Amino acid sequence: MNRIFNRIGFYPADILLPQNCDMAKWAVVACDQFTSEPEYWQTVEEQVGDAPSTLRLILPEAQLKDPNVDEAIAGINHTMQSYLDNGLFRTLPESLVYVERRQSDGRIRHGLVGMIDLDAYDFTPGSGALIRATEGTVLDRIPPRAKVRRNAPIELPHVMLLIDNPERTVIEPLTAAVDTMEKLYDFDLMQSGGHIRAFRLSLEQNDAVAEALLGLTEERVMEKKYGVRGMAPLLFAVGDGNHSLATAKACYEEQKKALGEAAAKKLPCRYALVEVVNNHDDALQFEPIHRVVFGVDPAHLMAEFRKAYPDSYEGSGDGHTVGIVYEGYEGAITVPHPTMQLAVGTLQSFLDQYLKEFGGEVDYIHGEAVTRELGAKHGNMGFLLPAMGKEQLFKTVMADGVLPRKTFSMGHAQDKRYYVESRKIIK
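Nothing here was measured: the structure is a model prediction, and the numbers come from that model.

1. Structural notes on the overall build of the protein
The helix and strand tally for the protein stands at 14 helices and 21 strands. Taking all 427 residues of the protein together, the buried fraction comes to 55%. Expressed as a percentage of contacts within the protein between residues at least 6 apart in sequence, the contacts between residues at least 24 apart total 77%. Between the centroid of the 45 positive side chains of the protein and the centroid of its 60 negative side chains there is a distance of 5 Å.

This is the structure in structure tokens:
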């Protein structure tokens, strides 16, 4: 294998793909979707029936608090092992897989499936690791997910990592080269998930990917994009599946403590399967996540906001502008000299302190219309945030450590990753 992979923390993997089964029933959407819609998962259950399916290998988060969750996890691990023992999978040794996903809006998203070295990943804010979280990791969300992974013989990723590659030198060259690759699958996804097809890269294409990724870490490239020198390069930023990747890291660290670092480094659980997507892929849309605060006095909240930001003023202007909706009012407020990179950071840091001191609750809302509707009700306030530009993501993570929680959403629920590829994580 090309030694360059050791310098970028990303590698070809021994990828498992199912064989001789109905792929439309095999692939289901990421487990953290439709958490408030059990009817979605019931429909999937009916569609899958007795067929081999990743539905039998995951625990939908809608079921995470079910009373029989431990029994369900044991059943998942048993099914994983039975699929392995019964020859359901074929292995693609040391492979990278190029994926084309047609989304619900008809756009094609391009990805590259491989594995990352968890020693090169850190979710601690301010880390200088090659692979970093984009949002704060809620530590108490890890233990229930670790229950699922800890004794699992295989992993199935819904983790999506982003690269900042406006020149399109890493993934996009593969699009024109699909005729030279081995086609692995090509099918429609269930439940309005669009269509997906994938191809296995050649050894030469693997090497070209490694060279292109390494080029993104060069200091001259970092300086041109971010205007900084001497900073640790950020190659991969977690775009989706933040807590799933943090769970993989936590389980690997458990093995380090139990076996020692030298022994743990030889384990397959040192690595995690991911899909890499270019932040500048045309199909990748960043949508803002708005806020609605419940149980507050709007006049009091606004007075406290102006105390926190004395130079703020009503209306739109230069700086950070946030739309505001409450009963009988719709307008905006601007903070002209913000200390944070994003308007959502300016707002969220204030709301966290205000709610802690004065009470109230916040919810995170997709869509302006719903935010306006809820914010206009008595005792509520809605805050409308601007969309984050793609060029701001890496720069903000480098400057502020992580983004404020619930900063952006990447597409609709049905456009999230579907489980197809897997990988053994126990010898």
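Back to the text.
2. Points about the layout of surface pockets
Taken as a whole, the largest pocket encloses approximately 1200 Å³ of empty space. In terms of lining, the largest pocket is formed by 38 residues, of which the most central are Asp32, Gln33, Ile289, His366 and Lys406. Of all the secondary structure elements, the ones that give two or more residues to the lining of the largest pocket are β12 (236-240), α9 (242-259), β14 (286-294), β18 (361-366) and β20 (408-410). Per-class residue counts for the lining of the largest pocket are 10 nonpolar, 16 polar and 12 charged.

3. Examining the packing of aromatic side chains
Each aromatic ring pair is summarised here by two numbers: the centre-to-centre distance and the angle between the ring planes. One pass over the full model with this rule turns up 17 aromatic pairs. Relative to Tyr309, the ring of Phe305 has its centre 5.1 Å away and its plane inclined at 55 degrees; by these criteria the two rings are tilted. Taking the relative accessible area as the measure of exposure, Phe305 reaches 4% and is therefore buried. For Tyr309, a relative accessible area of 16% puts it in the buried group. Their ring planes at 20 degrees and their centres at 4.8 Å tell us that Tyr326 and Tyr329 sit as a pair that is stacked. The exposure class assigned to Tyr326 is partly exposed, which follows from its relative accessible area of 21%. By way of ring pairs, the aromatic residues Phe305, Tyr309, Phe350, Tyr354 and Phe358 are connected into one cluster.

4. Here we look at the nonpolar core
Core analysis: the biggest nonpolar cluster contains 97 residues, and Phe10, Ile116, Leu161, Tyr185 and Leu213 have the highest contact counts within it. In this structure, Leu234, Ile324, Leu342 and Leu351 belong to the second largest nonpolar core, which totals 38 residues.

5. Remarks on empty space enclosed by the protein
Following the criterion strictly, the structure yields five cavities of 30 Å³ or more and no others. Together, 25 residues line the largest cavity, and Cys31, Val148, Arg149, Leu156 and Ser244 are the ones closest to its centre. Every element with two or more residues in the lining of the largest cavity is listed here: α5 (142-150), β8 (154-155), α9 and β13 (271-278). Broken down by element, the residue count for the lining of the largest cavity peaks at four residues, all from α9. Within the lining of the largest cavity, the residues separate by chemical class into 18 nonpolar, three polar and four charged. Here the second largest cavity is characterised by a volume of approximately 60 Å³. Here the lining of the second largest cavity is composed, by residue class, of four nonpolar, three polar and five charged.

6. So, unusual backbone geometry
With phi around 40 degrees, Glu94 is a residue other than glycine that occupies positive phi space. Position of Glu94 relative to the elements: it lies in strand β3 (residues 89-95). Classification of Glu94 by relative accessible area gives partly exposed; the value is 45%. At Gln191, a position not held by glycine, the phi torsion is positive, near 55 degrees. You can see Gln191 is positioned in the loop between β10 (182-188) and β11 (195-200). For Gln191, a relative accessible area of 23% translates into the label partly exposed.

7. A closer look at the packing of α5 against α9
Where α5 contacts α9, the axes come no closer than 9 Å and their chain directions differ by 65 degrees. Here α5 lies roughly perpendicular to α9, going by the angle between them. In terms of crossing hand, the pair formed by α5 and α9 is right-handed. Touching Ile142, Arg145, Ala146, Arg149 and Arg150 of α5 are His243, Ala246, Thr247, Ala248, Ala250, Cys251 and Glu254, all from α9. Of the residues in the contact of α5 with α9, the class split is six nonpolar, two polar and four charged.

8. Some words on the pattern of salt bridges
Pairing is possible between side chains of opposite charge, provided their charged atoms come close. For the coordinates displayed, the defined rule picks out 28 salt bridges. A salt bridge links Glu100 to Arg197; the nearest nitrogen and oxygen atoms lie 2.7 Å apart. Of this pair, Glu100 sits in strand β4 (residues 97-102) while Arg197 sits in strand β11, and the two are 97 residues apart along the sequence. With a relative accessible area of 10%, Glu100 lands in the buried category. Residue Arg197 is classed as partly exposed on the basis of its relative accessible area of 25%.

Basis of the calculations
Residues numbered from 1 in each chain as written. Predicted model: local features only at pLDDT ≥ 70, side-chain atom pairs only at ≥ 80, totals over all residues. Heavy atoms only, no water. Helix = DSSP H or I, 4+ residues; strand = E, 2+ residues; numbered from the N terminus. Buried < 20%, exposed > 50% of the residue type's maximum accessible area, 1.4 Å probe, protein only. Contact = heavy atoms within 4.5 Å. Lys, Arg positive; Asp, Glu negative; His and termini not counted. Charge placed at Lys NZ, Arg CZ, Asp CG, Glu CD. 1 Å grid on protein atoms, 1.4 Å probe; cavity = no way out; pocket = protein on both sides within 12 Å on 5 of 7 lines; lining within 4 Å. Points joined across faces, edges and corners; volume = space filled by probe spheres on them. Nonpolar A, V, L, I, M, F, W, Y, C, P; charged D, E, K, R; others polar. Phe/Tyr/Trp six-rings, centres within 6.5 Å; stacked < 30°, edge-to-face > 60°. Core = buried A, V, L, I, M, F, W, Y, C linked by side-chain atoms within 4.5 Å. Axes fitted to C-alpha atoms, helices over the stretch in contact; angles between N-to-C directions. Parallel < 35°, antiparallel > 145°, perpendicular 65-115°, else oblique. Left-handed = near helix turned anticlockwise from the far one by under 90°. Salt bridge = Lys/Arg side-chain N within 4 Å of Asp/Glu carboxyl O.

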